[in-house]
Amino acid sequence: MIIDVHGHYTTAPPAHQGLRDAQLARLADPSLPPPAPAAISDDAVRESVERNQLKVLRERGGDFMLFSPKASGMEHHVTDPATARDWARACNDLVARVAALFPEHFAAVCQLPQTPGGTTDDLVAEVRRCADDPAFVGCNLNPDPSGGHWTSPPLTDPSWYPLYEALCELDLPAMIHVSSSCNPAAHTLGAHYLNADTTVFMQLLRGDLFTRFPGLRFVIPHGGGAVPYHWGRYRGLARRMDLPDPAESLLGNVWFDTCVYHQPGIDLLTRVVPAGNLLFASEMLGAVRGADPVTGVAWDDTKTYVDAAGLAPDDLRRVYEGNARRVYPRLDALLTP
């Protein structure tokens, strides 16, 4: 089985965005009535997925995808907690419907109702609500709800601990994923996402989070940002700061996905990061669309690149399936029957 651990509902029916637009309009003008829930039929949900993610998944030889709300649409920079709660609930309920309509191809990953400077109370409540549905197998965690201004403490700060306690109790991993950038100096897709992946790894390197939470599991997407390319720098910095080598201190709790959109990048990733710490992913219909004019291969057809990376058969099976079932035990429970 080939499991893609990184998919977003970028093709949700227009009524869903209509709800968000109404929420934001009411924040700008509180005299407006509260927005009504979006009326979206099952047929509309089916059509939005069958013609898009499911179609491409099948064409490229994939079997299963972990599906979360549109990352840039989480918009955690919006400061109103009540709006964040309502929006996260609406987004999570919609991806749960996808998983219910296509249980052989999709499981759900939840959005958290984060706000700049907010507490973890709402995050814990929403992750627990979603965990009541066995279709939810993980969550997305934004280390920078401010949207590129980095006003939050590092993920190793004790203020995050209540969320980590809940994730460990529920046996849910978290994918590190920021949302839209509000900083014009950091493009959302080309800089902010990769900045966050790299920044969080350095936060974890400098901290001691996994001694306190040995069961906590993080997935750093987009190939780990700059981390694999600069692995020697991180090893050298750890030695300079008298810290353990990251291979010893972090790789028991941190995994990287394969959302890297050219063959040399995948080749480097698979040479630097052990196969046991790689999860197949494409983020298809996400940041980069279309095909490389030089090779004719779709930028986000990462299976083509992984297949050509020269991994041993056992390692390839781990990247495509085994690691995902280990990192996401609720996924394994869904797939085992």
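The residue count restarts for each chain, going from 1 along the sequence in the order it is written. The predicted nature of this model means local features are confined to residues of pLDDT at least 70 and side-chain atom pairs, given and counted, to a pLDDT of 80 or more, with totals for whole chains, interfaces and linings taken over all residues. Only hydrogens and water are set aside; all other atoms, that is, all heavy atoms of the structure, feed into the side-chain values.

1. Concerning empty space enclosed by the protein
Using a probe with the size of a water molecule, rolled over the atoms, empty space left in the structure can be pinpointed.
Inference 1: Put simply, the grid is 1 Å and covers the protein atoms alone, a cavity is a trapped set of points that fit a 1.4 Å probe, a pocket is an open set with protein on both sides within 12 Å along at least five of seven lines, and lining residues have an atom within 4 Å of a point. Grid points are joined across faces, edges and corners, and a volume is the space filled by probe spheres set on the points. With the rule as written, the count across this model stands at three cavities of 30 Å³ or more.
Inference 2: By volume, the largest cavity amounts to about 70 Å³.
Inference 3: Every residue lining the largest cavity is counted, 13 residues in all, and those nearest its centre are Asp4, Arg60, Phe280, Met284 and Lys303.

2. Side note on the sheet that holds strand β2 (residues 64-69)
Inference 1: Strand pairing requires that DSSP identify at least two bridges connecting the strands. Put simply, DSSP H or I for four residues or longer makes a helix, DSSP E for two residues or longer makes a strand, and each gets a number counted from the N terminus. Read from one edge of the open sheet, eight strands run β1-β2-β3-β4-β5-β6-β7-β8, paired in parallel fashion. Lying at the two open borders of the sheet, with one neighbouring strand each, are β1 (3-9) and β8 (278-279).
Inference 2: Inspection of the sheet shows strand β5 (residues 174-176) paired to strand β6 (residues 218-220) by two bridges, in the parallel sense. In the strand pairing of β6, Met175 is matched with Val219.

3. What to know about unusual backbone geometry
Inference 1: Backbone geometry at His222 places phi at a positive 55°, although glycine is not the residue there.
Inference 2: Among the secondary structure elements, His222 is positioned in the loop between β6 and α9 (231-240).
Inference 3: Under the scheme applied here, a residue whose accessible area is under 20% of the maximum for its type counts as buried, over 50% as exposed, and between as partly exposed, the area being computed with a 1.4 Å probe on protein chains only. On the basis of relative accessibility, which here comes to 9%, the residue His222 falls in the buried class.
Inference 4: Positive phi values are uncommon outside glycine, yet Glu283 reaches one of about 50°.
Inference 5: Residue Glu283 is classed as buried on the basis of its relative accessible area, which comes to 3%.

4. Observations concerning the environment of Asp132
Inference 1: When you line up the elements, Asp132 lands in the loop between α5 (121-131) and β4 (136-141).
Inference 2: According to the relative accessible area criterion, Asp132 is exposed, its value standing at 65%.
Inference 3: As for Asp132 and Trp87, which are separated by 45 residues in sequence, their C-alpha atoms are 19 Å apart.

5. Considerations on the pairing of strand β3 (residues 106-110)
Inference 1: Of all five residues in β3, five are buried, a share of seventy percent or more.
Inference 2: With burial as the criterion, each face of β3 is covered, one bearing Phe106, Ala108 and Cys110 and the other bearing Ala107 and Val109.
Inference 3: Judged from the three bridges that link them, β2 and β3 form a sheet pairing that is parallel. Of the residues in β3, the one forming a bridge with Phe67 is Ala108.
Inference 4: For the handedness criterion, the strands are oriented away from the viewer, and a crossover whose path from the first strand over the helix to the second runs clockwise is classed as right-handed. Considered for its hand, the β-α-β crossover made up of β2, helix α4 (residues 81-101) and β3 is right-handed.
Inference 5: Where β3 meets β4, three bridges bridge the pair, whose relative direction is parallel. Bridge assignment links Ala108 to a residue of β4, and that residue is Phe136.

6. Regarding helix α6 (residues 161-170)
Inference 1: Within α6, the full set of buried residues consists of Tyr161, Leu163, Tyr164, Ala166, Leu167 and Leu170.
Inference 2: Its buried side turned inward, α6 meets α5, β4, β5, α8 (209-212), β6 and α14 (329-335).
Inference 3: Looking one or two places after α6, you find Asp171, whose phi comes out positive at around 60°. The contact criterion used is simple: two residues touch if any of their non-hydrogen atoms lie within 4.5 Å.

7. Comments concerning the layout of surface pockets
Inference 1: Of the volumes computed, that of the largest pocket is approximately 430 Å³.
Inference 2: Forming the walls of the largest pocket are 21 residues, and the residues nearest its centre are Leu194, His222, Cys259, Val260 and Tyr261.
Inference 3: Looking at the lining of the largest pocket, its residues break down into 14 nonpolar, six polar and one charged. Each residue gets one of three labels, nonpolar for Ala, Val, Leu, Ile, Met, Phe, Trp, Tyr, Cys and Pro, charged for Asp, Glu, Lys and Arg, and polar for the others, Gly among them.

8. Considerations on the side chain of Asp301
Inference 1: Tracing the backbone through its elements, the reader meets Asp301 in the loop between β8 and α12 (302-307).
Inference 2: Charged-residue counts in this description rest on Lys and Arg as positive and Asp and Glu as negative, His and the chain ends being excluded. For this analysis, a salt bridge means a side-chain nitrogen from Lys or Arg found within 4 Å of a carboxyl oxygen belonging to Asp or Glu. No salt bridge is formed by the buried Asp301; its nearest oppositely charged neighbour, Arg60, is found at 4.2 Å.
Inference 3: At 2.7 Å, the side chain of Asp301 and the side chain of Thr304 are in polar contact. The definition of a polar contact used here is a pair of N or O atoms within 3.5 Å, where within protein one atom must be able to donate a hydrogen and the other to accept one, and adjacent residues in sequence count solely through side-chain atom pairs.

9. A closer look at the packing of α4 against α5
A pair of packed helices is captured by two measures, namely the crossing angle of their axes and the spacing between those axes.
Inference 1: Each axis is a line fitted through C-alpha atoms, taken for helices only over the stretch in contact, and angles between the N-to-C directions span 0 to 180 degrees. Relative to each other, α4 and α5 sit at 20°, their axes nearing to 11 Å. With respect to α5, the axis of α4 lies roughly parallel. Considering only the axes of α4 and α5, their crossing is right-handed. Here Pro81, Arg85, Ala88, Arg89, Asn92 and Asp93 of α4 come into contact with α5, specifically with Asp122, Glu126, Arg129 and Cys130.
Inference 2: When grouped by side-chain class, the residues that make up the contact of α4 with α5 number three nonpolar, one polar and six charged. Reported orientations rely on four angle classes, namely roughly parallel under 35 degrees, roughly antiparallel over 145, roughly perpendicular from 65 to 115, and oblique for the rest. By convention, the crossing between two helices is left-handed when the near helix turns anticlockwise from the far helix through less than a right angle, and right-handed when the turn is clockwise.

10. Observations regarding the pattern of salt bridges
Inference 1: Taken as a whole, this structure holds 17 salt bridges when the rule is applied.
Inference 2: Taking the shortest distance from any N to any O, the salt bridge between Arg317 and Asp314 comes out at 2.1 Å. Residue Arg317 and its partner Asp314 are located together in helix α13 (residues 313-327), separated by three residues, close to a single helical turn. We note that Arg317, like Asp314, is exposed.
Inference 3: Through salt bridges with shared partners, a single network forms among Asp93, Glu126 and Arg129.

11. Overview of the nonpolar core
Inference 1: By size, the foremost hydrophobic cluster in this structure holds 74 residues, and its most contacted members are Val127, Leu141, Tyr164, Leu209, Phe218 and Phe256.
Inference 2: In this structure, Phe218 is in contact with Leu141, Tyr164, Ala174, Ile176, Leu204, Leu209, Phe210, Asn253, Val254 and Trp255, ignoring residues within four places of it in sequence. Only buried residues count toward a nonpolar core, which is a set of Ala, Val, Leu, Ile, Met, Phe, Trp, Tyr and Cys residues joined through side-chain atoms within 4.5 Å.

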